[in-house]
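# A look at the structure
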Amino acid sequence: MGQIQLKQVTKSFGDVQVIPPLDLTIEDGEFTVFVGPSGCGKSTLLRLIAGLEDITTGHIEIDGKDATDLVPAKRGLAMVFQSYALYPHMSVRKNIAFPLRMAKMDPAEIDRRVNAAAEVLNLADYIDRRPGQLSGGQRQRVAIGRAIVREPSAFLFDEPLSNLDAALRVGMRMEISELHKKLATTMIYVTHDQVEAMTMADKIVVLQAGVIEQVGSPLELYRAPRNTFVAGFIGSPKMNLITGDEAAKHNATTIGIRPEHIDVVESGGAWTGTVGVAEHLGSDTFFHIHNTGLAEMLTVRAIGDVSLRHGDTIHLNPRTEEMHRFDADGLRIA
Amino acid sequence: MGQIQLKQVTKSFGDVQVIPPLDLTIEDGEFTVFVGPSGCGKSTLLRLIAGLEDITTGHIEIDGKDATDLVPAKRGLAMVFQSYALYPHMSVRKNIAFPLRMAKMDPAEIDRRVNAAAEVLNLADYIDRRPGQLSGGQRQRVAIGRAIVREPSAFLFDEPLSNLDAALRVGMRMEISELHKKLATTMIYVTHDQVEAMTMADKIVVLQAGVIEQVGSPLELYRAPRNTFVAGFIGSPKMNLITGDEAAKHNATTIGIRPEHIDVVESGGAWTGTVGVAEHLGSDTFFHIHNTGLAEMLTVRAIGDVSLRHGDTIHLNPRTEEMHRFDADGLRIA
Amino acid sequence: MATKASRSAARLMMAPAVILLLGWMLVPLIMTLWFSFRVYLPLRGGDQGWAGFDNYIRFVTSSAFWPSVQTTLIIVLGVLAITVIFGILLALLLDQPMWGQGVVRILVIAPFFVMPTVSALVWKNMFMDPVNGLFAHLWRFFGAEPVSWLSDASLPAIVMIVSWQWLPFATLILLTAVQSLDSEQLEAAEMDGAPIVKRFWFIVLPHLSRAITIVILIQTIFLLAIFAEIFVTTGGAFGTRTLSYLIFQRVLESQNVGLGSAGGVYAIILANIVAIFLMRIVGKNLD
Amino acid sequence: DAHSATITIATVNNGDMIRMQGYTDQFTAETGIAVEWVTLEENVLRQRVTTDITTKGGQFDIMTIGMYETPIWGANDWLVPLNDLSAEYDVDDILPAMRNGLSHDGTLYAAPFYGESSMVMYRTDLMEAAGLEMPTAPTWQFIREAAAAMDDPENEINGICLRGKAGWGEGGAFITVTGNSFGARWFDEEWNAQFDQPEWANALNFYVNLMNDYGPEGYATNGFNENLSLFNQGKCGMWIDATVAASFVTGADSTVADSVGFALAPNAEGVEKRANWLWAWALAIPAGTQQEAEAKQFIEWATGKAYIELVAANEGWANVPPGARTSLYETPEYQAVPFAKMTLDSINAADPTNPTVDPVPYVGIQFVAIPEFAGMATEVSQEFSAAYAGQQTVEEALAKAQAITTEVMEAAGYR
Amino acid sequence: MARSVTPRRKMINTTAAWAVGLLIFFPILWTILTSFKTEAQAIAAPPIFLGFDWTLENYSVVMERSDYGRFLWNSIIIAGGSTILGCIIAVPAAWSMAFVPSRRTKDILLWMLSTKMLPAVGVLYPIYLLFIEMGLLDSRAGLVVVLMLINLPIIVWMLYTYFKEIPVEILEAARMDGATLKEELLYVLTPMAIPGIASTLLLNFILAWNEAFWTLNLTAVNAAPLTAFIASYSSPEGLFFAKLSAASTMAIAPILILGWFSQKQLVRGLTFGAVK
Ligand SMILES: Nc1ncnc2c1ncn2[C@@H]1O[C@H](COP(=O)(O)OP(=O)(O)OP(=O)(O)O)[C@@H](O)[C@H]1O
Ligand SMILES: Nc1ncnc2c1ncn2[C@@H]1O[C@H](COP(=O)(O)OP(=O)(O)OP(=O)(O)O)[C@@H](O)[C@H]1O
Ligand SMILES: [Mg+2]
Ligand SMILES: [Mg+2]
C-alpha cells in the first residue's frame, strides 16, 4: 500500500510562494523521481509529503486517507536523507533498530528485523560499528536499512547519492533499483542528476520553480519532451537546441537534436564544422564542433574511437526523424 | 621547459612505506594524469614532486637538475589544490598576484601578468571580488590563474574538479585541456575519475598501492591494458572480466570484454541470459545480465533504446577481436 | 605537511610559549616547595629554619583540611551541575527562532563581563542581604521569613552567585553545539517516531557530549581557583572555606607562609588529580 | 626637592579617611608634597599592607594600620619611630590609652588618626515608650531586659543589634570584649587556650540567646556596616558598637538622629570589666621609605590639632576625627557634642595592659597582640558565627575554638 | 534546512527567551538603576523599580573621590597589553601545534592548560618576592607579563582550535607561491584567522580585565586597575548601595559596551573556539 495524492497543494515561506497549486498522484509501488534545477522545490515537495513541513493550502492523501494534519511519524513513510542523518553515537545495529525501539516493538522482533535488513543490505559485517567508521556507501546503506525495517508504505529519498563518488553512485543506484524490485513499495526519489532519473524511475516528475513541467516515463520524456526546458534537462550530453534559419527550415522556432542522433560521415552531410575539443573515451568519442554556420555550438557523439582531432573538419548528418520541433513558447510541435 | 624525473623515489610515513621505489619520467609539455584508487599514493607522489613532503630515499630531477632538497618555492612548479586553496581574505587580483609579490616582482609587471591571466581565464569581471563571492568554477579558475602567472615549468593539479558538480566538471575539464593546448606546459594531474583521465591525458599513469601498474596514452590503456587491474580501472562501465571455463576456452585464466563490445542480437549469439537491471538512458541502454552460465554477471551496452526489460531473455555476441586475455598473474597475454 | 624544515621551524616557534609557561610553573612551584619545608613566619622576621614535613602534616591534620576539600568539591560540582543543566535548557531555548535573538543573547552573556568582585558585592548586598536585599523584600512580599542567605544557606548562595557568572559561558558553548546539530538527524528521528523528549535524550544530548566535556574542563580549571566570591561574601565562614581559601588564610591571615605553601602543594596535587581525571575524558572526547 | 615629592598612602575606606582625602589638596598646597591614595576595603588593606611590610616591598610611604599591628611591627623595626615629631604637634596631647596602644617599648610607632572604644547606643524614644531608663553604666542583664521591652517585630524593630560577622576585627572583636565582661579570657598565663572554661560558655550562650530572642534576622553576617545601616533605618532599639558610630547615628544619613542616647558598654553582674575595646586607626611609616621626611610632615598634618580645627570649621564639630587627642575633649565646642563625654569615658575605661578579670600574658583588649592572632581569631570567629547561624551548638563552637587555638599556639611554639 | 515555524510558536519562544534573558540580566540592570538613586531610595522598602528621582550624584561623588580615568586607563593598558603580548607569543606556538602536529602536541596543550590550576594564593609570596627583586611591583609591565602568563594557555588553545579549521592546503599554496615562513604567517595565516584572533583577543581582554587577585596584590598606585578601584567601595561605613552601584557600573560599563559592539566575535570567543 502506498498511494500518495497531492491535491491543490501550495507552500509559502513567509510571503514567498515556493509551490503554486500543484496536483500529483503517485501510484502504489511506483518509483517516482522528482528532477529539476536547484531551488525548484524538489526537497520542499518531499518534505511536505513527509510532514516535515506544513502545507499552506491543499490536501495530502495517503492511501486515500487525509494525511494533511498527521505528524510525520504517523504517516507510515520512511525518509532517507542526503546527509544520511545517521545517529553518530549509535552503532549500526542501534541506528537501524531506533525506529522500532521508538515503536516499542518486542526486542526479539526488533532483532529479527534488524538482522533481516542487514542481510538484505550486506551490512552484517559492520553491524557493531559506529557510522563514523563506515564509508559513504556503507552509511547510505545503513540509512536505507533504517528506513526498511519500519516496513513503510512509501520511501522518500532526498538526493541520497549526491555525497558519494561516481563509481559508488553507480553501484548504489543499482542497489536501490533492485531493492525497489524486491520490495515493490512506493518510492519517491529526489535528484538533480538526470542519469539517475532516467535509469531508476518508473515515472519522472520534472519541476521548475515549483511547477510540474512534465510527468511521464523516462523514455516518454526522452522521446517527446513537452517543451525546451524538459528537452534540455533530460538526456546527456544535453540536446543541441538550434534556433534561427535552420529551425525556420523545419517550421519551428527551435529545433532540438540529441548528440547521439547526429552521425559523423566521411563527406557530404547536412552540416560541416571544425572539431573544437574531441574527447576520446574509447567506447565513445564526443566532439564539440564550431563553425557549422549554426548559431550554436554542436555536441556530437560518435560510437567507438573516431580518430578526428582538434581542428579537423567534420561532416555531420542529423537524423531528421529524431529531430524535435518547438514553437515560440518553447512548446513541442507535435 | 619542464621535464621531471623521479629516480628510485620512496616515501614512508613512519614505518609504513607508501611509495616503494619508483621511477618515472614526465616529458616536457606532456599532460600526465595519475589515476588509481583512493589511498594509492597519487597525492603523495604529487606532493613529493612539489616538495611539500620530503622524499625518504631517491632523487627528483627537474629539467635535469637535482631538486631533491629544494624548497617548494624554488622548484619552479605551480600547484592547484582540490580545495582551490585560495586566500579568502584577498581579492581575486591579490590572490593571483600573490606569488609575484612574494617574488618581489615589479608592480607594473605584476599588473600586466595578472591582467593577462585574468583575460585568458575570463576572470576580468570578478577581479575585485573575494573568493567567497565566487562560484566553484570561478574559484577553480582563480586557482589556475594563480598558478599561471608564475609561468612555472610545470603545473601540478590534485583532483582540481572533484568539488564541482557534474555539469561544471565537464566545462572546466575542457577549459583545462584548452589551456594545456595554449600554454604547452608540462601538467601533472591527479584524479580518480577515469573519464577525466581518458579525455585529458597525453599519458596516464595508473597507480595501485604506490606501484605504477601501467604508463601509456589513454587509448593504449583502453586497447591494451597490461593487467586485469588496469583493465578494470580504465573504461566505463567497467570491463567484464570472466574467469572459469569460458576463459579456458580462450587459453587464458581471465578474459575481458568491454560492455560496448558485446552486441545484443535477436537470437542465437554466444551467450544467453536474463536481464537483471536495464538502465534506459535513451541514448544508450545498459543491461546487467544474470544466468549466462558464466561465473560473473555481465554488463552490456546497447546503443539507443532497446526495449528489453527486467526478467527478459537476452542474446549476446561478444566481439572476439576486442577480447582481452590475462594469465594467472593477471598479466596480459599478447 | 611535514618536511624537516617545517618541523624544526615548529619546534622553534613553540619554544617561547613553552619556556615561558615552564618558567611560570617551575619558578613559583620550586619556591613554594622550598617554603613548604621551612618554618617561614613573616611576622616573626621570616625564615626560621628547616621544618621537615611538619608543615605538610600540620596542614592535613588540621581540622579545617578535609572540610575544605569537601567544600571545594561541592562548589565545583554544584556549579558544574547547575550551569550544564540550565545551560542546555537555555541553549535549546535560544536556538529557537524568535524576535530579537541578538539582544537576548547579549542579555544572557552579560554576567560574564562582570568582575567577580563586583558580582559578589552586588549579590551579597543588594540581593542576599537579609534586611535590605531584594530577595528579602520578595520573601516578605509573599509573607515568608527572609532567608539569611550567606549564613543559613551559604554554600547554595555561593554556588548560585558563581553559577550566575558561569552560566553564560556554558550556555554559549552549548548553544553553538546545538546549532551545529544536523537538523536532518532530528527530522530523521521524528520520522522514526521519536517524540520530543526522546529526541532530546537520544539525539541532542549525545550530540552535546563533547561540548559538555569542554564546559566541564574549562569551568573546573577556573572554579578550582575561585576566591573573590568567597572573600567578599562570607570570608570563608559558614562552611564556605575552600582549599584555596584555606591556603589564603594560612598565608595571609595567619602569616604562616610555610604552612600555606604546604597547602599550596596539596592544592597542586589535587588540581593535578582532577586534571588527569579530566584529561582522560577530554582526550577521548576531543577530535 | 620637596616640591616634586609624592607620597603614597594606603588607607581604609572609612568615612573619616575619605573625608581627609578631600582635604589633601590643602596639604599639598601648603607643603608642595603630592599625595597618592590607595584606598581599600579594610580586609583587603590589611592583606595588602601586611604582604608589603613583611616582604619589604616598599610600595607605600604611609600605611594606615591599627592598634593590633603597630606593636608587632614596631617590635620588628619595620616602622619608623615617631619620636622626633615637632613640638607644635604636641605628642603628649595624644590620649594616653591610644599612645600606649600604639607604642612598643615606650616608642610611638604610629600616630592615631582617630580612636574609638565601644559603647551602647540606644533609642531614647523607644526606651521611653517602654517605660525604662538607661543607666550610664548598664549591665548585660539590663540590656536584655531593655531589648525585650523594645523588641517589636511587627514594626520591624529589633530589640538589639550586635556584630555577629566572622572576622577577628568584626564579630571576633565584639565577642572577645563580651567575653571579657563575663570574666573570660583567651589564654591563661601559660598560653593555654581558655575556651573550655565556663566563663566563655556563659558569655557565648548569653549572646546567642539575646540575639536569637531580640536580634535581627541573619545577625551572624552583620558587622559594623550592616548594624549601622539597620540602626539608621530605625530597626534597632540598641546597638553596642564603636564610639565613632555616634557621629553617624546622629548625622544626616540617620532617620533616628534626634533620639539616640549613649551609655557605657555593659558588664555582667559582678564582673568588673566592661565590654569596652580600644582601637585606633593610625598612620605609620614603613622603614625603608625614601620619603620619610615628607611622610612625617603628612602625619603631623593629618593627625595634628590643626586638622581637627579644619574639619570642625568646615563640617562642624560632630564630624571631627574623635578619640585621639586630649585637647579635643577640652574644647568647649566639642564638649557640646552629645556623645563626646561618653566616648572619652569609654576610652578611659579600657585598659589594654590589663584587659580581663584574670591575669593574662598578653596586651590588647579585643585582640591578643601576637602575630598569630589575626588568623586564629578569624577562624575562631567563623566557628562562633556558625553557631550564631544555628549551624552548630555553642558547645561545639567552643570546642572547635579551643582546638584551633591550641593547634596554632603549639605550631607557633608558645607551648 | 531549518523548518519554518508558525508565528504563534515564534511568539511563545520570544516571550520565554526574553523572560529568561531579562531574569539573568536583572542583577546588572538593578545595579545600574540603583546607581541613579539616592542612598535612601536604594534601600527603600518596598524597592523602587523606576519611579525614583534619577540623580547623577553618586557618579559625581565617585568621580570626586577617585581618579576613575587613571584606573580605567590602567585596566585598558594591562588587559590590552597582556592580551596582545599573549597573542604574539601564542600565534607561532599555535601554528606549530595546528600545522605540524606531533604525538606530543595534545599532551603539551593539556599541560599548558594545567598550569592554570596553580592556586594563585599559594604562590603570592614567591611572586611578590620575585617582583620586588625585579622592581616590577606596581608596574604595568609586571602585570602585563603576569596576566599574559595566566591567560597564555587559553590563548594558545583558542588559536590552536581556530587554526585547525584553516585548511593546510592554503598554507601549502603560499609555500608553493614562494612565501617564507614569516610571510606565510603574516600575509596568509594571520589575516585568515582574524575572526578567531579577534575573538581570542576579546575574550582574554575580558578575563584580564576581571582578574582581581594579582591586579590587587601587585599594584598600589601607578598600575592599579579598576579591580583596585572597586576595592575601595566594597563596604564603607554607612549607606553605600547607591555609591557601590555607581562604582560597579563604572567598572563593568567599558566591558559591557565593548561586548555589545562585538557580540559576534565574543560569542565565538566565549566558546573558546572549542565547539563549532
Ligand atoms: N525554510 C525555508 N525558508 C524559506 N525559504 C525556503 C525554506 N526552505 C526552502 N526555501 C526556498 O524554497 C525554494 C525551494 O527549495 P528546495 O530546497 O525545495 O529546492 P530543491 O529543489 O530541493 O533544491 P536543491 O536541488 O538545491 O536541493 C528555494 O528557493 C529555497 O530558497
Ligand atoms: N601525513 C601522512 N601520514 C601518514 N600516512 C599518510 C599521510 N599522508 C598520506 N598517508 C597515507 O599514504 C597513503 C597514500 O595517500 P594519498 O593521499 O597519497 O592517496 P591518494 O591516492 O591521493 O588518495 P585519494 O584518492 O583518496 O586522494 C594512504 O594510505 C594514506 O593513508
Ligand atoms: Mg534539495
Ligand atoms: Mg589525494
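What you see is a predicted model; the values in this text were computed from it and never measured. (Residues numbered from 1 in each chain as written. Chains lettered and ligands numbered in written order. Predicted model: local features only at pLDDT ≥ 70, side-chain atom pairs only at ≥ 80, totals over all residues. Heavy atoms only, no water.)

## Description of the overall build of chain A
Heads up, the condition is: Strands here mean DSSP runs of E at least two residues long; helices mean DSSP runs of H or I at least four residues long; both are numbered from the N terminus. In this scheme, a residue with accessible area under 20% of its type's maximum is buried, one over 50% is exposed, and one in between is partly exposed, where area comes from a 1.4 Å probe on protein chains only. Here, residues are in contact when the closest pair of their heavy atoms is within 4.5 Å. The charged-residue count follows a simple rule in which Lys and Arg add positive charge and Asp and Glu add negative charge, with His and chain termini not counted at all. The atoms used to mark charge sites are NZ of Lys, CZ of Arg, CG of Asp and CD of Glu.
Along its length, chain A carries 9 helices and 18 strands. Referenced to the eigenvectors of the C-alpha coordinate spread, the extents of chain A come out at roughly 75 × 45 × 30 Å. For chain A, the residues scored as buried account for 56% of the 334 residues in total. Contacts in chain A between residues far apart in sequence, at least 24 positions, make up 63% of those at least 6 positions apart. Distance from the positive charge centre (34 side chains) to the negative charge centre (42 side chains) of chain A: 7 Å.

## Let's talk about the interface of chain A and chain B
The condition that has to hold: In short, buried area is how much 1.4 Å probe accessible area vanishes from two parts on joining, totalled over both. Salt bridge, as used here, is a side-chain nitrogen of Lys or Arg placed within 4 Å of a carboxyl oxygen of Asp or Glu. Polar contacts here mean pairs of N or O atoms no more than 3.5 Å apart (in protein, one a potential hydrogen donor and the other a potential acceptor; neighbouring residues in sequence count only if both atoms are side-chain atoms). Note that Gly is not counted as nonpolar here; it falls among the polar residues with everything else outside the nonpolar set of Ala, Val, Leu, Ile, Met, Phe, Trp, Tyr, Cys and Pro and the charged set of Asp, Glu, Lys and Arg.
Listed by partner, the interface residues are 27 residues for chain A and 29 residues for chain B. Both sides together, the interface formed by chain A and chain B hides about 2,400 Å², and carbon and sulfur atoms give 60% of it. B:Arg173 is the salt-bridge partner of A:Glu279, the closest N and O atoms lying 3.0 Å from each other. Linking chain A to chain B there are 10 residue pairs in polar contact (both at pLDDT 80 or more). Elements that contribute at least two residues to the side of chain A that touches chain B include exactly helix H5 (166-183), helix H6 (194-200), helix H7 (218-223), strand S14 (271-280), strand S15 (284-290) and strand S16 (298-303) of chain A. Classifying every residue of the side of chain A that touches chain B by side-chain character gives 8 nonpolar, 7 polar and 12 charged.

## A closer look at the site of ligand 2
Residues and elements named next belong to chain B. The test is simple: One heavy atom within 4 Å of a molecule or strand makes the whole residue count as near it.
Taken together, the neighbourhood of ligand 2 is formed by Phe13, Val18, Ser38, Gly39, Cys40, Gly41, Lys42, Ser43, Thr44, Glu159 and His192. With respect to ligand 2, the backbone of Gly39 contributes an N or O atom lying 2.8 Å from an oxygen atom. In the model, an oxygen atom of ligand 2 is placed 2.5 Å from a nitrogen or oxygen of the Thr44 side chain. Top element by residues in the shell around ligand 2 is helix H1 (residues 42-50). It accounts for 3 residues. Of the residues that constitute the shell around ligand 2, the class distribution is 3 nonpolar, 6 polar and 2 charged.

## What about the confidence of the model for chain D?
Rules: As a per-residue measure, pLDDT reflects the predictor's confidence and takes values from 0 up to 100.
Per-residue pLDDT for chain D averages 90, and the proportion of residues at 70 or more is 99%. Two numbers describe this predicted complex: its pTM, 0.85, and its ipTM, 0.83.

## Some details on the pattern of salt bridges
Under the counting rule described, the total for this entry stands at 61 salt bridges over all chains. A salt bridge links A:Glu53 to A:Lys11; the nearest nitrogen and oxygen atoms lie 3.7 Å apart. Taken together, the residues span a long stretch of sequence, with A:Glu53 in the loop between helix H1 (42-50) and strand S4 (57-62) and A:Lys11 in strand S1 (residues 4-13) at a distance of 42 residues. Residue A:Glu53 shares its accessibility class with A:Lys11, and that shared class is buried. Its salt-bridge partner being D:Glu36, residue E:Arg70 comes within 3.0 Å of it at the nearest N-O pair. In this pair, E:Arg70 is assigned in helix H4 (residues 68-99) and D:Glu36 in strand S2 (residues 34-40), connecting two distinct chains. By relative accessible area, which is 25% here, E:Arg70 ends up partly exposed. Connected via shared salt-bridge partners are A:Lys11, A:Arg47, A:Glu53 and C:Glu187.

## Examining the domain arrangement of chain A
In many analyses, interface size is given as the accessible surface area lost on bringing the parts together. Residue and element names in this part refer to chain A. What counts here: These domain boundaries are the output of an automatic or database domain assignment.
For chain A, the assigned domains are domain 1 (4-229) and domain 2 (237-326). Domain 1 and domain 2 are separated by 38 Å when their C-alpha centres are compared. With 6 residues of domain 1 at the interface, the matching set in domain 2 holds 8 residues. Three residues stand out in domain 1 for area buried against domain 2, namely Tyr222, Pro225 and Thr228, and they jointly supply 85% of the buried area on that side. Joining domain 1 to domain 2, the criterion identifies 0 salt bridges. At the boundary of domain 1 with domain 2, the tally comes to 3 residue pairs in polar contact (both at pLDDT 80 or more). Counting residues per element, the side of domain 1 that touches domain 2 draws most heavily on H7, which supplies 3 residues. Classifying every residue of the side of domain 1 that touches domain 2 gives 3 nonpolar, 2 polar and 1 charged.

## Considering the relation of the copies chain A and chain B
Note the threshold: When the copies are superposed, the least-squares fit takes in the C-alpha atoms of residues with a pLDDT of at least 70 in both.
When chain A is fitted to chain B, the residual RMSD is 0.5 Å, and the transformation amounts to a turn of 176° plus an axial shift of 0.1 Å. Considering both components of the superposition, the chain copies are consistent with a two-fold axis. No C-alpha of chain A approaches the rotation axis more nearly than that of A:Ile303, which lies at 4.0 Å.

## Comments concerning the site of ligand 1
Worth spelling out the cut-off: The protein chains shown are the only cover counted for residues, whose accessible areas, like all others here, come from Shrake-Rupley with a 1.4 Å probe.
Within the structure, ligand 1 sits among 13 residues, and A:Ser38, A:Gly39, A:Lys42, A:Ser43 and A:Thr44 are positioned closest to it. Neighbouring residues of ligand 1 are not confined to a single chain but are spread across chains A and E. Here an oxygen atom of ligand 1 and a backbone polar atom of A:Gly39 are 2.7 Å apart. Isolated, ligand 1 exposes 630 Å² of accessible area, and the fraction of that covered by the protein chains is 66%. Here the shell around ligand 1 is composed, by residue class, of 5 nonpolar, 6 polar and 2 charged.

## A few points about the sheet that holds strand S9 (residues 236-242) of chain D
Residues and elements named next belong to chain D. What counts here: Strand pairing is assigned whenever DSSP detects at least two bridges linking the two strands. Axis angles are defined between N-to-C directions and span 0 to 180 degrees, where every axis is a line fitted to C-alpha atoms and, for a helix, only to the segment in contact.
Taking strand neighbours across the sheet as the criterion, the 4 strands line up as S8-S9-S7-S10 in an open arrangement whose pairing is mixed. If you trace the sheet from one side to the other, it starts and ends with strand S8 (158-161) and strand S10 (260-264), each paired once. For this sheet, the mean inter-axis angle between neighbouring strands, taken without regard to orientation, is 20°. One ladder, built from 5 bridges, connects strand S7 (residues 118-123) with S9; its direction is antiparallel. For Met121, the partnering residue across the bridge sits in S9 and is Trp239.

## Focus: the side chain of A:Arg150
Positionally, A:Arg150 belongs in the loop between helix H4 (136-148) and strand S7 (154-158). A polar contact is formed between the side chain of A:Arg150 and the backbone oxygen of C:Met191, at a distance of 2.7 Å. Residue contacts for A:Arg150: discarding those within four places in its chain leaves A:Ala73, A:Leu77, A:Ala78, A:Pro99, A:Leu100, A:Arg113, C:Met191 and C:Asp192.

## Focus: the interface of chain E and chain C
If you look at the interface, chain E gives 102 residues, while chain C gives 93 residues. Here chain E and chain C share an interface that buries about 9,000 Å² over both sides, 80% of which is from carbon and sulfur atoms. At the junction of chain E with chain C, the criterion picks out 0 salt bridges. Per-element accounting of the side of chain E that touches chain C gives the leading share, 20 residues, to helix H1 (residues 7-34) of chain E. Across the side of chain E that touches chain C, the residue classes tally to 76 nonpolar, 17 polar and 9 charged.

## With respect to the UniProt feature "domain: ABC transporter" (unreviewed entry) in chain A
Put simply, the rule reads: UniProt positions are given in the numbering used here, feature names are shortened, and annotations may be inferred rather than shown by experiment.
Here, UniProt's "domain: ABC transporter" (unreviewed entry) annotation points to residues 4-234 of chain A. Here residues 4-234 of chain A is 36% helix and 26% strand, with 25 Å between the C-alpha atoms at its ends.

## As for the pairing of strand S1 (residues 4-13) of chain B
Residue and element names in this part refer to chain B. Pairing between S1 and strand S2 (residues 16-26): 7 bridges, direction antiparallel. Across the sheet, the residue bridging to Val9 is Leu22, located in S2. Linkage of S1 to S2, two consecutive antiparallel strands, is achieved through a turn of 2 residues, within which Gly14 is found at a positive phi near 60°. Inspection of the sheet shows S1 paired to strand S4 (residues 57-62) by 5 bridges, in the antiparallel sense. Opposite Lys7, over in S4, you have His59 as the bridge partner.

## As for the sheet that holds S7(A)
Residue and element names in this part refer to chain A. The sheet built from 6 strands is open, its strands ordered S6-S7-S8-S3-S9-S10 with mixed pairing. The open sheet has two edge strands, strand S6 (77-80) and strand S10 (211-216), and neither has a second partner. Taken over all neighbouring pairs, the strand axes of this sheet differ in orientation by 15° on average, direction set aside. By the bridge criterion, 4 bridges tie strand S3 (residues 31-35) to strand S8 (residues 186-190) in an arrangement that is parallel.

## A word on the nonpolar core
Here is the rule: Joining through side-chain atoms within 4.5 Å is the link that ties buried Ala, Val, Leu, Ile, Met, Phe, Trp, Tyr and Cys residues into a set, and such a set is a nonpolar core.
Ranked by internal contacts, the top residues of the largest apolar core, which has 433 residues, are A:Phe34, B:Phe34, D:Trp186, D:Phe298, D:Phe384 and E:Phe163. Of all hydrophobic cores here, the second largest spans 50 residues; its members include A:Val33, A:Tyr84, A:Leu100 and B:Phe286.

## Side note on a positive patch on the surface
Going by this rule: Nonpolar side chains (Val, Leu, Ile, Met, Phe, Trp, Tyr) are joined into patches within 5 Å and like charges within 9 Å, using only residues with over 30% relative accessible area and no salt bridge.
Together, C:Lys4, C:Arg7, C:Arg11, E:Arg103 and E:Arg104 make up a positively charged patch on the protein surface. Take E:Arg103: it is sitting in the loop between H4 and helix H5 (105-114). For E:Arg103, a relative accessible area of 82% puts it in the exposed group.

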